[in-house]
Amino acid sequence: MVESSDPTWLVLDGYEDEPAAFGVPPYVGFHVRYVCGVLEQAKLPYTYVTIDQWRQWQKSDPNRVTALLTKSLGLVCIAGAVVPGKYLRGTPISLNETQHLLRALPAGLPTLLGGWAIRGWKQQGWTPLRPNLFLAVQDTDATLHHFLKRGEWKHQRRTAEQWTAWAQAGANSLAVRTHPDLGTLDQPGPLTYEVEVYQGCVRYKRGCKFCIEPKKGVPVWRTPEDIIEEVRIAHEAGVHHVRLGGMTDTYTYMAEGVQELEYPVPDPEPIARLLHGLREDERLGILHTDNGNPSIIAENLEPSEAITKTLVETLSDGAVLSFGLESADPSVHEANWLNCDPAQLKTAIRLINKHGRVRGERGLPKLLPGLNFIAGLNGETEATYGMNMALLRDLRNEGLLLRRINIRQVEGEGFQDIPPEAFTAFKTACRDEIDRPLLEELFPLGEVLHGVHWEAHDGRTRLPAHLEASHREPAVHGQAGVTFGRQIGAYPILIGAEYKIPLETQSSVLITGHGARSITGVEVGLNPRTASQKQLEAIPGLGKKSAWNLVAERAKMLSKGREVDLEDWFERTKVPLNDVIWRIFG
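Definitions and cut-offs
- Residues numbered from 1 in each chain as written.
- Predicted model: local features only at pLDDT ≥ 70, side-chain atom pairs only at ≥ 80, totals over all residues.
- Heavy atoms only, no water.
- Helix = DSSP H or I, 4+ residues; strand = E, 2+ residues; numbered from the N terminus.
- Buried < 20%, exposed > 50% of the residue type's maximum accessible area, 1.4 Å probe, protein only.
- Lys, Arg positive; Asp, Glu negative; His and termini not counted.
- Salt bridge = Lys/Arg side-chain N within 4 Å of Asp/Glu carboxyl O.
- Polar contact = N/O pair within 3.5 Å; in protein donor to acceptor, adjacent residues only side chain to side chain.
- Contact = heavy atoms within 4.5 Å.
- 1 Å grid on protein atoms, 1.4 Å probe; cavity = no way out; pocket = protein on both sides within 12 Å on 5 of 7 lines; lining within 4 Å.
- Points joined across faces, edges and corners; volume = space filled by probe spheres on them.
- Nonpolar A, V, L, I, M, F, W, Y, C, P; charged D, E, K, R; others polar.
- Phe/Tyr/Trp six-rings, centres within 6.5 Å; stacked < 30°, edge-to-face > 60°.
- Axes fitted to C-alpha atoms, helices over the stretch in contact; angles between N-to-C directions.
- Parallel < 35°, antiparallel > 145°, perpendicular 65-115°, else oblique.

### Topic: the side chain of glutamate 196
So, step 1. Position of glutamate 196 relative to the elements: it lies in strand β8 (residues 192–196).
So, step 2. For glutamate 196, which is buried and forms no salt bridge, the nearest opposite charge comes from arginine 158, at a distance of 4.4 Å.
So, step 3. In terms of polar contacts, glutamate 196 uses its side chain to reach the side chain of tyrosine 34, at 2.7 Å.
So, step 4. Within the structure, glutamate 196 has its side chain in polar contact with the side chain of tryptophan 163 (distance 3.3 Å).
So, step 5. Setting aside chain neighbours within four positions, we find glutamate 196 in contact with Phe30, His31, Tyr34, Arg158, Trp163, Arg222, Ile227, Gly245 and Gly246.

Dropping the structure here:
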């Protein structure tokens, strides 16, 4: 990225990660795009920088950081990580980093900090004192717009018209066009465009006590046409992959009776119009959504089944509907106003399994449920974890599939301590009894997964060094080491190859083994003339000795001008040629 020497606003993307919003790479969040949309509409110069780029520049090019701050007209930073998690491709900005950033700013520089993390830090007592600094607790974009128009800081909410205008302007903003994960025409990156479908939660009157979404109030929908137009503009900017976010429940998009009914009635027509409308654009690659409310599905089976069929028809395979049970304990359910009970959950899981188990073109089931548990909720006892395990065993005994089981601890004040031994025992039992067999069933040995995007060498987390050319050049292919990658989309399984593959490339992979929460594989389509010893060793059943014999025999064949025919090559080395090897070299 080459910055102009002229003064600009600085937009620092600290990444958002909320219950209904992804913004950590490879996702680009919608709130930071709205901020850029405000600046685009105002025709003000600005520079977009991710927090990972900022960290790297602080280490390798501090003069660049100083220059950006010195020439800034103002700073806007989105810090929206409110869900604890492990990140592989990027890490949200922390409170310490935010404080360090503020100390480095020129005195009096207009500074706006927004996002749910900012609200959380403020509620915990963080009140930074510096002139011209404002902590937005409503809409950061509308607050910035007000400042640019009036020259004063004031909490603001965007109107429906502003929402549309800034979403569409942000779709072609620098947050998209200069995002590091966008890639190029020749080598597209994994950037996934998180689009906001609606705000709020249908359980706004009595929603889950630990969740921020009910605090957003009565759901406010965007029309299918509005969303489709925004995504069209994003495609023009180079976007391929889209995730429908901002939804606490996919099934209650434009539902009936939101303000009157405990269980609003899903309307299959608007979501079908949206999904099919998006699919009509041939530039769309991966399309996923996220959350579903099991109680809504269970209490409205007929319209929910129609919506499920539409999801299976239009979403890319590997789609996951996150179901927030949180606890199977009825006492915890009541004390925390949780959104579904185990009976409703089972009904919803059965419906999704009925239609979503079929595998799609990338080798994955089309649509499966994910299941969330939260530890530390009020009313919890050691017996709670036994109820959780009993539910999971019931689901598996019934043969039902879950794509993932997320176990986390509640954040914030007003909750109780977690019984450590019971919690640890539950996690261990879940991983050993449930996760591992599920992994083996969902990703069977010999299955081929397509479109695996390679992200890191010798460790699961992408490091700044992985951005260097030495990790991306074709010459690295087949060298000693380990490469980790994932398919593009929601909650992809981590895949390891026991040799190096150029990063930011894609391959098809044959599954060769299972870890605790990951799998191993070998690329299909290897070339018999060039496959390295490490690539051969990674093939099940070969081992170091056979791989070395194959490499040595191939060298003899090539020196004599012989063609390396797969069958002849293996016969000469007396290595059995099985179906797996045929498929890998196919």
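### Considering empty space enclosed by the protein
Over the atoms rolls a probe the size of a water molecule, and in doing so it shows where empty space is left.
So, step 1. Considering all chains together, one arrives at two cavities of 30 Å³ or more under this definition.
So, step 2. Looking at the largest cavity, its volume works out to about 130 Å³.
So, step 3. Around the largest cavity, the lining comprises 18 residues; the ones closest to its centre are Gly318, Leu364, Arg403, Tyr491 and Pro492.
So, step 4. Grouping the constituent residues of the lining of the largest cavity by class yields twelve nonpolar, four polar and two charged.
So, step 5. One number sums up the size of the second largest cavity: a volume of about 40 Å³.
So, step 6. Forming the boundary of the second largest cavity are Glu326, Ser327, Phe373, Ile374, Ala375, Glu380, Thr384, Tyr385, Asn388, Ile407 and Phe426.
So, step 7. Listed by contribution, the elements that provide at least two residues to the lining of the second largest cavity are β15 (367–375) and α15 (382–397).
So, step 8. In terms of residue class, the lining of the second largest cavity is made up of six nonpolar, three polar and two charged.

### Notes on the packing of aromatic side chains
So, step 1. Tallying each qualifying case throughout the model produces 15 aromatic pairs.
So, step 2. When the ring of phenylalanine 373 is compared with that of phenylalanine 426, the centres are 5.5 Å apart and the planes differ by 80 degrees; the resulting orientation is edge-to-face. Highlighted residues: phenylalanine 373 in strand β15 and phenylalanine 426 in helix α16 (residues 420–442), separated in sequence by 53 residues.
So, step 3. For phenylalanine 373, a relative accessible area of 2% puts it in the buried group.
So, step 4. With 5.7 Å between their ring centres and 40 degrees between their planes, tyrosine 385 and phenylalanine 426 make a pair best called tilted.

### Quick word on the packing of α15 against α16
So, step 1. As a packed pair, α15 and α16 sit with axes 9 Å apart at the nearest point and diverge in direction by 10 degrees. Between α15 and α16, the angle falls in the class roughly parallel. Every residue of α16 that contacts α15 at Glu382, Tyr385, Asn388, Met389, Leu392, Arg393 and Arg396 is listed here: Ala422, Phe423, Phe426, Ala429, Cys430, Glu433, Ile434, Pro437, Leu438 and Glu441.
So, step 2. The residue makeup of the contact of α15 with α16, split by class, is eleven nonpolar, one polar and five charged.

### Let's talk about the pattern of salt bridges
So, step 1. Scanning the model with the defined rule gives 36 salt bridges in all.
So, step 2. Across the pair arginine 350 and glutamate 398 runs a salt bridge, and its minimum N-O distance is 2.5 Å. Of the two residues, arginine 350 is situated in helix α14 (residues 342–356) and glutamate 398 in the loop between α15 and β16 (404–409); the sequence distance between them amounts to 48 residues.
So, step 3. Given a relative accessible area of 37%, arginine 350 falls into the partly exposed group.

### Observations regarding the layout of surface pockets
So, step 1. There is about 810 Å³ of room inside the second largest pocket.
So, step 2. Gln53, Pro180, Arg462, Leu467 and Arg472 are the residues nearest the centre of the second largest pocket, which is lined by 33 residues in total.
So, step 3. Counting residues per element, the lining of the second largest pocket draws most heavily on helix α2 (residues 51–60), at six residues.
So, step 4. By residue class, the composition of the lining of the second largest pocket is twelve nonpolar, twelve polar and nine charged.

Function cannot be read off these values alone, since they describe shape.
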